[in-house]
Amino acid sequence: MSKSPIPQAITVHEQSRVLEVVFDDGAHFRLPFELLRVYSPSAEVMGHGPGQEVLQTGKREVAIVQLDAVGHYAVQPTFSDGHDSGIFTWAYLYELGRDQVQLWQRYLDRLQAAGVERDAPMRPKAHKGGCGGH
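It should be emphasised that the depicted structure is a prediction, and the values quoted were computed from it without experimental measurement. Just so you know, the residues in each chain are numbered from 1, in the order the chain's sequence is written. Per-residue local features of the predicted model are confined to residues with pLDDT of at least 70, and side-chain atom pairs are confined, for both listing and counting, to 80 or more; whole-chain, interface and lining totals are unaffected and use all residues. Side-chain calculation: all heavy atoms of the structure are included, whereas hydrogens and water are not.

Draft legend 1. Quick look at the side chain of E20. Numbering goes from the N terminus for both helices and strands, where a helix is a DSSP run of H or I of at least four residues and a strand is a run of E of at least two. Inspection of the secondary structure puts E20 in strand β2 (residues 18-23). Only heavy atoms matter for contacts: two residues are in contact if any of them lie within 4.5 Å across the pair. Apart from the residues lying within four places of it in its own chain, the contact partners of E20 are A9, I10, T11, H13, H28, F29 and R30.

Printed below as a string of structure tokens:
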């Protein structure tokens, strides 16, 4: 089994709103902050299982205000909208970079299917149960 590529450099570009990641296998990705935010690997975004994803909107202007290392395997960004619970492993960052064209299209398709504009403000959290009860 081959080991996952490891970043050699990670740069936060505030003006262009991209996270630049250079991996040790030569891969070089420029990940828009908005893509990172809407695909955050947190329970708040991903839900607690398949089909429970929470569609994120109004994230076009989101910025990364802080980027913390998590051990030797991940980074945890703090976004300008206060979201800070997503831990992006090296493998997940690589996947986002490798698949960003398809992921972006999937995001746009989900917005269209939901009848929601990309820049619409997030709806207030309405807790419908289902998270804790069985």
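More follows now that the structure is in view.
Draft legend 2. Geometry of the sheet that holds strand β1 (residues 7-13). In this analysis, strands are considered paired if DSSP registers two or more bridges between them. Taken in spatial order, the three strands make up an open sheet running β1-β2-β3, and their pairing is antiparallel. One side of each edge strand has no neighbouring strand; the edge strands of this open sheet are β1 and β3 (28-32). Each adjacent strand pair in this sheet contributes to an overall mean axis angle of 15 degrees, direction not counted. Against the sheet, helix α3 (residues 90-98) makes contact with β1, β2 and β3, and its axis sits at roughly 85 degrees relative to β3, the strand it touches most. Angles run from 0 to 180 degrees between N-to-C directions of axes, and those axes are lines fitted to C-alpha atoms, restricted for helices to the stretch in contact.

Draft legend 3. A look at the sheet that holds strand β4 (residues 64-70). The strand order across the open sheet formed by three strands is β4-β5-β6, and the pairing between neighbours is antiparallel. Both outer strands of the open sheet, β4 and β6 (88-89), are each paired with one neighbouring strand and no more. Examined bridge by bridge, β4 and strand β5 (residues 74-79) share six bridges and lie antiparallel to one another. Bridge pairing in β5 places V70 opposite A74.

Draft legend 4. Main features of the nonpolar core. Only buried residues count toward a nonpolar core. Its members are Ala, Val, Leu, Ile, Met, Phe, Trp, Tyr and Cys residues joined through side-chain atoms within 4.5 Å. Three exposure classes are used, based on accessible area relative to the maximum for each residue type with a 1.4 Å probe and protein chains only: buried under 20%, partly exposed in between, and exposed over 50%. By size, the foremost hydrophobic cluster in this structure holds 25 residues, and its most contacted members are F23, L31, L36, Y39, F88, L93 and L96. Ranked by the residues each element gives to this core, the list is headed by α3, at five residues. For L31, the residues in contact, after removing those within four places along its chain, are R17, V18, L19, V21, L36, L93, L96, G97 and Q100.

Draft legend 5. A look at the confidence of the model for the protein chain. You can read pLDDT as the predictor saying how much it trusts each residue, on a scale of 0 to 100. Averaged over all residues, the pLDDT of the protein chain is 90; the fraction at 70 or higher stands at 90%. Across residues 126-134, where pLDDT falls below 50, the model places one contact with residues more than four positions away in sequence or in other chains.

Draft legend 6. Spotlight on the packing of α3 against helix α4 (residues 100-114). At their nearest, the axes of α3 and α4 sit 5 Å apart, and the two run at 80 degrees to each other. The angle between α3 and α4 falls in the class roughly perpendicular. Residues E95, L96, G97 and R98 of α3 pack against Q100, Q102 and L103 of α4. For this classification, Asp, Glu, Lys and Arg are treated as charged, while Ala, Val, Leu, Ile, Met, Phe, Trp, Tyr, Cys and Pro are nonpolar and the rest, including Gly, are polar. Residues of the contact of α3 with α4, tallied by class, amount to two nonpolar, three polar and two charged. When an angle is under 35 degrees it counts as roughly parallel; over 145 it counts as roughly antiparallel; between 65 and 115 it counts as roughly perpendicular; any other value is oblique.

Draft legend 7. Representation of the packing of aromatic side chains in the model. Only Phe, Tyr and Trp rings take part, Trp by its six-membered ring, and two of them pair if their centres are within 6.5 Å. Stacked means planes under 30 degrees apart, edge-to-face means over 60, and tilted covers everything else. Within this structure, the stated rule accounts for five aromatic pairs. On the basis of an interplanar angle of 35 degrees and a centroid distance of 5.8 Å, the ring pair of F88 and Y92 is categorised as tilted. Take F88 and Y92: they sit in the same class, and that class is buried. Here the aromatic residues F23, F29 and Y94 are joined through ring pairs into a cluster of three or more.

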